[in-house]
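Close look at the chain arrangement
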Amino acid sequence: MDPVFIAAGFVALAIVYGVYRRYSHISLADVPGPESASFITGNLKELYQGQAAEADFKWQAQYGNVVRFKGSFGNDQLMISDPAALQYIFANKGYRFPKPPERRILTKMVNGKGITWAEGDDHKRHRRVMLPGFGAAESRAFLSIFQNCAESMSNKWTEIISNSNEGSVVFNLSVWLSRATLDAIGEAAFDVRFSTTDNNESAQAFARSYNNIMNDVFGSPSDGQVVSLGISKYIPYRILEYLTDIVKNPRIVRMREAGKAAKSVAKQLVKDKAEMLLRGNGSRDILSLLVKANMDTDAKAKLTEEELHAQIRTILFAGHETTANTISWGLLELAKQPKMQSRLREEIWETEAAVHARGDVDFTIADFDAMPYTTCCDEILRFCCVVYHVHRYASEDDVLPLSQPITVRSGDIIRELPVPKGTRIIASLAAYNRDKELWGEDAHEFNPERWLNGTAKEKVTSIGVYSNLMTFLGGVRSCIGWRFAVIEIQAFLTEIVGRFEFATSDKTELVRREACLVMVPVVEGEVENGVQLPLRVSLAPRTGKEC
């Protein structure tokens, strides 16, 4: 049967079903929120066609941390950044608020049926097998790998800058950092040297399959794509799965091709690692620990071969693209704030001198912890929240606790919010990370000082796994690789800020926070050129007193 005919049939059913639900179920319409722009698209165009979290910040300022907005066909949905509600959704009742089926399909397209796709008992099983590779000791052990990969990239930059006539070069930081963090994840997670910064051709081919993938597939959605996204919530999961496997839409074809490339790499990595372990030659990389843990697990709890491949795809994506984008956005903020950048560099040089004085060459985790202004890392994770939305739905009628009461349209003040079964919820991680009650009146400004003067610690809600941020989520669905990511970011920032000065370029003002499931930088008017963050980079002059 023609897939277009099938889709058209479900569109008609969706309209009828949407109207039925609007007028026969418990309504959230009394919760404050923006007026619907259209019965067909609701507020979805404003939400998905603007820059990342642009609507979130606007709605938060107007309506607070609990916002009702309209999906397709008048369907009420919630955007939540309230700390108590988020804690309830992610920590207290994590499995009661699963990922919606239409969002699980997107996760499957990106990473396969891995830990970010799994729900309930399956998720517990995935997490149990994967945790041994992401403990505190394991993550710290990868520091030297991160430092070496950052140094390799820095050496390339030094060579290019030294050969330039101007003494500085405008680099597309996004491309360089994507390659360097792919090298880092290859070695730390799989004990494989991709060497993409050294132009290894086979690795470059794989890197190209990931290059711009999120922007190509999810960036700048058309009106029709916004409508399709809204309608997808009414279509059964199996039908959605079937459609994404057969449709010829260029964006979905692009994702399928990238998925095939990633799966091919994952299959070879698992095969090689299993053979090494059987010969007794395993190392302490994440994949070795994962495969060994899976071998030692009870048969019913083991990951299938498909699930193992999906975990590798998840690690590849989450471990390099999100980290690369976070570092890129952080360097943009430091380029805009030369004094902050200089202060961080001076602290790096002072610590470097102490490291050399004690006879060491490289920084340790303890050195990072002892450097007060490495709070820049925390501020980058707060301000540049690359994964800005997480989608959930209420699997049963429930009641959300609230940190602060809200006044509904009837004038009543409520201190908890009844939520009907099936309600779609967008947890706005970006809006939570900009909540003025938590982070101060200057929450929408990049300011590492808030971590030193106590502003960021006065009102602790104990919600996220790191620094009270929602960047890595919290509870049973928290990012298991958060320690890995924090150490990698610290290692890269210390290396490159210690060696280079970053300044804005003539295109900096045109950089746009493109919303494509993750927040990536693109240049206005050059979106077709993909992810770009052009900054001018020069060697940081040393006085000779630092070491």
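Look a little higher up for the structure.
All right, on to the sheet that holds strand S11 (residues 534–539) then. Taken in spatial order, the three strands line up as S3-S11-S8 in an open sheet, and their pairing is antiparallel. Strands at the two margins of the open sheet, each flanked by one partner only, are strand S3 (168–172) and strand S8 (500–504). Averaged over neighbouring strand pairs, the angle between their axes works out to 35° when direction is ignored. Relative to S11, S8 runs antiparallel, the two sharing five bridges. Paired with phenylalanine 502 across the two strands is valine 537, which belongs to S11.

So, on to the packing of aromatic side chains. This structure, assessed with the given rule, holds 18 aromatic pairs. With 5.6 Å between their ring centres and 65° between their planes, phenylalanine 142 and phenylalanine 484 make a pair best called edge-to-face. Of the two residues, phenylalanine 142 sits in the loop between helix H7 (136–140) and helix H8 (143–162) while phenylalanine 484 sits in helix H22 (residues 482–499), which places them 342 residues apart along the sequence. The burial state of phenylalanine 142 is the same as that of phenylalanine 484; both residues are buried.

Attention now goes to the side chain of threonine 351. Secondary-structure assignment places threonine 351 in helix H17 (residues 338–357). Judged by relative accessible area, which is 14%, threonine 351 ranks as buried. A polar atom in the side chain of threonine 351 sits 2.9 Å from the backbone oxygen of glutamate 347. Those residues in contact with threonine 351, other than ones at most four positions away along the chain, are Phe363, Asp367 and Met371.

Let us now look at the sheet that holds strand S2 (residues 76–80). Spatial strand order, S1-S2-S7-S4: four strands in an open sheet with mixed pairing. Every other strand in the sheet has two partners, leaving strand S1 (66–70) and strand S4 (389–393) as the edge strands with one partner each. Within this sheet the neighbouring strands show an average axis-to-axis angle of 25°, counted without direction. Relative to strand S7 (residues 424–428), S4 runs antiparallel, the two sharing five bridges. From the neighbouring strand, valine 390 faces S7, where its bridge partner is alanine 427. Its contacts with the sheet place helix H3 (residues 54–63) against S1, S2, S4 and S7, and it is angled at close to 120° to S1.

Reading guide: rules and limits
- Throughout, a residue's number is its position along its own chain's written sequence, starting from 1.
- This being a predicted model, a pLDDT of at least 70 is required before a residue's local features are given, and a value of 80 or more before pairs of side-chain atoms are given or counted; all residues contribute to the totals for chains, interfaces and linings.
- To get the side-chain values, all heavy atoms of the structure are used, and hydrogens and water are removed first.
- The pairing criterion for strands is at least two bridges between them, as found by DSSP.
- Think of it this way: any DSSP run of H or I at least four residues long counts as a helix, any run of E at least two long counts as a strand, and we number them from the N terminus.
- All axes are obtained by fitting lines to C-alpha atoms, using only the stretch in contact for helices, and the reported angles, taken between N-to-C directions, cover 0 to 180 degrees.
- For Phe, Tyr and Trp, where Trp contributes only its six-membered ring, two rings pair if their centres lie within 6.5 Å, and the inter-plane angle classes them as stacked under 30 degrees, edge-to-face over 60, or tilted in between.
- The classification of residues rests on relative accessible area computed with a 1.4 Å probe and restricted to protein chains. Under 20% of the type maximum is buried, over 50% is exposed, and intermediate values are partly exposed.
- Throughout this description, a polar contact denotes any pair of N or O atoms lying within 3.5 Å of each other; where both atoms belong to protein, one of them has to be capable of donating a hydrogen while the other can accept it, and for residues adjacent in sequence the pair is counted only when both atoms sit in side chains.
- Only heavy atoms matter for contacts: two residues are in contact if any of them lie within 4.5 Å across the pair.

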